[in-house]
Amino acid sequence: MTATERGAIAALAGLALAACAEGGPSRSTLLDVGDSVPPSLELSNDRSALVWTLNSVDCLTCKLAEASWVARRLQHRSPHRLETVVVAVGESSGRNREIVAGFLASERIEAAIQMRTPRQHAGVFGRSAPLPALYAVGRDGSVLATVPDPAAPGVPDWESFDLDEVLQRLARSFERDEQLDTSNPTRKENQR
């Protein structure tokens, strides 16, 4: 290997390392149904999860009312089975985390908070991923449902969504995931 080739390889390795430090390159496609969520979301994988992405500054406005209503209802339906993770996009300062935590407390939503830069968010969810968005994630780490639908054209308007329909669609996704769970020995279908 020549010195020029070694230099080129070192330069590429440096760029790759820098991209990893910043959250990796942006996904060219949006995270969608059937995709696996990356390990960086740190889901427990022992139960279904609701992943809620939002702009941290929106916690100071009324832009999250509809998504908050859906998240609260889903938690109320299955408080012990559903893991909830909020991915807040914005500055990773302690003050921003406090704002998000205060908002969630005021909405009576229990969730783990993960702060992400816009670039880190794009690396996981895609360059043009809408905010806010809800992702139903199965125990196997695959996306079961998304709101809004990544294939829908234009910028989603949460105020135009039928929230009962959104709630039912996400709840059905979690119920189907739960029905696939054969690890519970008390269920009749698992007893032999």
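Described in the following lines is the structure provided in the data block. The residue count restarts for each chain, going from 1 along the sequence in the order it is written. Only residues with pLDDT of at least 70 get local features here, since the model is predicted, and only at 80 or more are side-chain atom pairs given and counted; chain-wide, interface and lining totals rely on the full set of residues. Heavy atoms throughout the structure, all of them, feed into the side-chain values; hydrogens and water do not.

Salt bridge, as applied in this entry: a Lys or Arg side-chain nitrogen positioned within 4 Å of an Asp or Glu carboxyl oxygen. The tally for this structure, following the rule as stated, stands at four salt bridges. Between Arg-47 and Asp-46 there is a salt bridge, with the nearest N and O atoms lying 3.9 Å from each other. On the accessibility criterion, Arg-47 (30% relative accessible area) is partly exposed. Residue burial is assigned from relative accessible area. The probe radius is 1.4 Å, only protein chains are included, and a residue is buried under 20% of its type maximum, exposed over 50%, and partly exposed in between. On the basis of relative accessible area, Asp-46 is assigned to the exposed category, the value being 55%. A salt bridge links Arg-139 to Asp-177; its shortest N-O distance comes to 3.1 Å. Here Arg-139 is found in the loop between strand S4 (133–137) and strand S5 (143–147), whereas its partner Asp-177 is found in helix H5 (residues 163–179), with 38 residues between them in sequence. The way it works is that DSSP assigns letters per residue, a run of H or I at least four long becomes a helix, a run of E at least two long becomes a strand, and they are numbered from the N terminus.

So, on to the environment of Pro-132. In this structure, Pro-132 sits in the loop between helix H4 (118–125) and S4. Judged by relative accessible area, which is 6%, Pro-132 ranks as buried. For the pair formed by Pro-132 and Trp-158, sequence separation is 26 residues and the distance between their alpha carbons is 8.5 Å. What makes two residues a contact is simply this: any of their non-hydrogen atoms within 4.5 Å. Once you skip the residues sitting within four places of it in the chain, Pro-132 turns out to touch Trp-52, Thr-53, Leu-54, Lys-63, Leu-64, Ala-67, Pro-148 and Trp-158.

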